[in-house]
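Close look at the chain arrangement
If you want the building blocks of each chain, they are given just below.
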Amino acid sequence: MKYLSNLPLKQKLSCIILSVLTLILLFFLLALQISKYSYNEQLYRAIAGNLSFSASTISKHLKNIESFSSVVIAQKEVQESLDAVNSNDDVLTLSKNYSLLNEVVSTYQQTYKQNNLSCIALVNPRFTNCSNFPVMSRIPPEFLREILQKAAQASGSAVWISDSSNHYLILSRQIRKTENLSLKPLGYLLLFINLDDLVGDANQAVNTYESGHYLIYDNEKLIYHSEGISQDWALLLYEKLQRPYDIIKQNRHKYFAVRSRIPSYEWNYINLIPYDDINRSIVAVFQLILVILLAGLLLSLFVAHIMMRYVVRDFELLLHKMEIFSQTELQLPESRIDYSQRSDEIGKLHQSFDAMAERIQHLVNTNYRYQILNRDARLKALESQINPHFLYNTLETVNWRAKALKDDTISNIVQSLAALLRATLSNEKSLVPLNYELNLVNNYITIQKIRFEERLLFRFYDSECTENLKNALVLPLTIQPLLENAIRYGMGEMTETCEISVYPYQRGDFLIIEVANQGSSFEENLLENLQNGSKSSHGFGIGLLNINQRIQMLFGDAYGLSFRNEEDKAIAIITLPFIFEEPQSAQSLYSR
């Protein structure tokens, strides 16, 4: 193969033409297998589509039965009668409620008998009301106790139990007293679904093969099987059929078996179709495929021989173009053949290569410079969003305090505000020491402490904040917006003291700054939701996006802003490289 791979295109095509005659038999066998697989795949899709509809029909029908059971157990008449039976030993009372409950189950039986509902039973410690006693009598006492026990364990939820020997599916629910939310057990509701009728009705409109068989499993437990299928073989079939479909042999006959699931209940649903007649049809189709394959092969050999020299010539010209373009300064050579009007694949290859070469030249000469300028403009726009927002909040605080109290407190607010404005408006550096950013945070916290007094508790964990850590470089105005966000949501949702903390530390080559607050939490995938627009980015959402985008624009996607919730705290995490010198990329962005 290595030798053949290095042959010129003309020799490769010659080898193909010479070897096709010897490969005819192999091509036929391959086409035979592909056709057989395709036929089975189409058969599977047809049956699977029918099964999907019938499975959905069964699932919908069972859901309707569950809804119907909820109506029955919540009916006021049923609740009051069962409560009276459980709390009274009077014979007349028991007889009256027995008759009343009999009327209820009979009425519901007549109303829902078209829904494959064979029997409705209300069971309580005193007696059992049943709309169809012959059905109820087929249930062994031990099995009935098991049904009632499972219903009691479900505490009122619907429990489906199969009676495969009688082809019934039983819904069992414990009836609990709803008045005053007492939830006292009153009795049990049993609904018997005739699986033969249910499966027959679900498949009647879509069943193409009248002799098909149906089986339903709950995990490895057999719930239902059609007549003519033994229970032992049905269980063996479940273990054997692990693919969506397969051909199964049984008693010298073949069956096309398709496996699916009933939605909402996660039950497996198997359909068996007799495959003997289908196999004879496939043989006839294969004979037709043989004739078509041989004719197509001969035609392909003739066309390949005619077109080979034209194909080789066009490819050689394309290779020549590519070599010249890569060896020179992105210059295209003049071609002796005009491919601009060609509509075949080779012509499109030449056209695509010429268009690609022109786009590369355009990108190198124009787009690269434009992207640098555009990136600079985006960064400046992001930075400009911070100052007006904070200035407005701070001036609002000063105004509020000036109206409320006339004392020296205003002096502290104004001094801290002046320091913040001076740091915000006068700083033009792309990166500042962490200590500089922490001083700005202290000024901001001074203002907020005066506003919230004892309700705001600020902690700065400086146990690991060494001089080396304080001199590490960070982006200006990254911690303060997070503190503002923490105060807004933490103080807004707590009436007691709210603790807000800042914790900087080093982890390997990373500088980590955690800003935590009590009383609130971050929703999952907050940044992703803000970026894709699924969550509105007004207000503080813009500030969070601002911080994350500024960090990633300077340092890359490995850094940025992240969030986590820990106990009763919401924690915003800034991840930066641990550096002491400003990177060249940051200098160039801010110097233009």
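A brief look at the structure comes next. (Residues numbered from 1 in each chain as written. Predicted model: local features only at pLDDT ≥ 70, side-chain atom pairs only at ≥ 80, totals over all residues. Heavy atoms only, no water.)

Another point: the overall build of the chain. Each helix and strand in the chain was counted, giving 19 helices and 17 strands. Taking all 592 residues of the chain together, the buried fraction comes to 41%. Taking as baseline every contact in the chain between residues at least 6 positions apart, the subset at least 24 positions apart corresponds to 65%. Carbon and sulfur atoms provide 53% of the accessible area of the chain, an area that totals close to 33,500 Å². (Helix = DSSP H or I, 4+ residues; strand = E, 2+ residues; numbered from the N terminus. Buried < 20%, exposed > 50% of the residue type's maximum accessible area, 1.4 Å probe, protein only. Contact = heavy atoms within 4.5 Å. Areas by Shrake-Rupley, 256 points an atom, 1.4 Å probe, with all protein chains shown as cover.)

What follows deals with helix α16 (residues 479–492). Over its 14 residues, α16 extends 20 Å from the first C-alpha to the last, a length consistent with the 20 Å expected when each residue adds 1.5 Å. With respect to burial, α16 is a largely interior element, eleven of its 14 residues being buried. Every buried residue belonging to α16 is among I479, Q480, P481, L482, L483, E484, N485, A486, I487, G490 and M491, and all of these are buried. (Expected span 1.5 Å × (residues − 1).)

All right, on to the sheet that holds strand β14 (residues 498–507) then. The five strands are arranged β12-β14-β15-β17-β16 in an open sheet whose pairing can be described as mixed. Edge positions in the sheet fall to β12 (456–460) and β16 (560–566), since each of these pairs with one other strand and no more. Each strand axis lies, on average, 15° off the axis of its neighbour in the sheet, ignoring direction. Across the sheet, helix α14 (residues 434–452) is in contact with β12, β14 and β15 (510–518); its angle to β12 comes to roughly 165°. (Pairing = 2+ DSSP bridges. Axes fitted to C-alpha atoms, helices over the stretch in contact; angles between N-to-C directions.)

Along strand β4 (residues 168–176), eight of the nine residues are buried, which leaves the element largely enclosed by surrounding structure. Of the strand pairs in this sheet, strand β3 (residues 159–163) and β4 are connected by five bridges, and their pairing is antiparallel. Bridge assignment links I161 to a residue of β4, and that residue is I170. Here β3 folds back onto β4 in antiparallel fashion, the turn holding four residues, of which H167 has a positive phi close to 60°. Two elements, β4 and strand β5 (residues 185–194), share nine bridges in a ladder whose sense is antiparallel. Within β5, the residue paired with L171 across the bridge is L191.

In this section: the environment of N86. With respect to the helices and strands, N86 occurs in helix α4 (residues 76–87). You can call N86 partly exposed: its relative accessible area is 27%. Once the C-alpha coordinates of N86 and L186 are considered, the two residues, 100 residues apart in sequence, prove to be 6.9 Å apart. Apart from the residues within four sequence positions on either side, N86 is in contact with P125, R126, P185 and L186. In this structure the side chain of N86 is engaged in a polar contact, spanning 2.9 Å, whose partner is the backbone oxygen of L82. At 2.8 Å, the side chain of N86 forms a polar contact with the backbone oxygen of L186. (Polar contact = N/O pair within 3.5 Å; in protein donor to acceptor, adjacent residues only side chain to side chain.)

Let us now look at the state of the cysteines. For the structure shown, the criterion picks out zero disulfides. You can see C130 has no disulfide; the closest cysteine sulfur is in C119, sitting 3.2 Å from it. (Disulfide = S-S within 2.5 Å.)

Judged by nonpolar contacts, the single largest core of 51 residues is most densely connected at W160, F256, W267 and Y269. Of the residues forming this core, the biggest block, eleven residues, is contributed by helix α3 (residues 24–74). In this structure, C465, M491, I547 and A570 belong to the second largest nonpolar core, which totals 48 residues. (Core = buried A, V, L, I, M, F, W, Y, C linked by side-chain atoms within 4.5 Å.)

With antiparallel pairing, the five strands of this open sheet are ordered in space as β2-β1-β5-β4-β3. Because the sheet does not close on itself, it has two edges, and the strands there are β2 (128–130) and β3. Each strand of the sheet is rotated relative to its neighbour by a mean of 20°, with strand direction disregarded. Across the sheet, helix α5 (residues 91–112) touches β1 (117–123) and β2, and the angle it forms with β1 is around 160°.

With that out of the way, let us pick up the packing of helix α2 (residues 9–20) against helix α10 (residues 276–327). Packing of α2 against α10 leaves a shortest axis separation of 10 Å and a crossing angle of 175°. With respect to each other, α2 and α10 are oriented roughly antiparallel. Contacts between α2 and α10 involve L9, K10, L13, S14, I17 and V20 from the first element and L297, L301, A304, H305, M308, V312 and F315 from the second. Here the residues of the contact of α2 with α10 are counted per class, giving ten nonpolar, two polar and one charged. (Parallel < 35°, antiparallel > 145°, perpendicular 65-115°, else oblique. Nonpolar A, V, L, I, M, F, W, Y, C, P; charged D, E, K, R; others polar.)

Applying the stated rule across the entire model yields 15 aromatic pairs. Taking the centre distance of 6.1 Å and the plane angle of 20° together, the rings of Y214 and Y269 count as stacked. Of this pair, Y214 sits in strand β6 (residues 213–218) while Y269 sits in strand β10 (residues 267–274), and the two are 55 residues apart along the sequence. Residue Y214 is classed as buried on the basis of its relative accessible area of 7%. A relative accessible area of 0% places Y269 in the buried class. Put simply, the rings of F68, Y108 and Y112 touch in pairs and so form one group of aromatic residues. Sitting over the ring of Y265, K63 keeps its end group 5.2 Å from the ring centre. (Phe/Tyr/Trp six-rings, centres within 6.5 Å; stacked < 30°, edge-to-face > 60°. Lys NZ or Arg CZ within 6 Å of the ring centre and 35° of its normal.)

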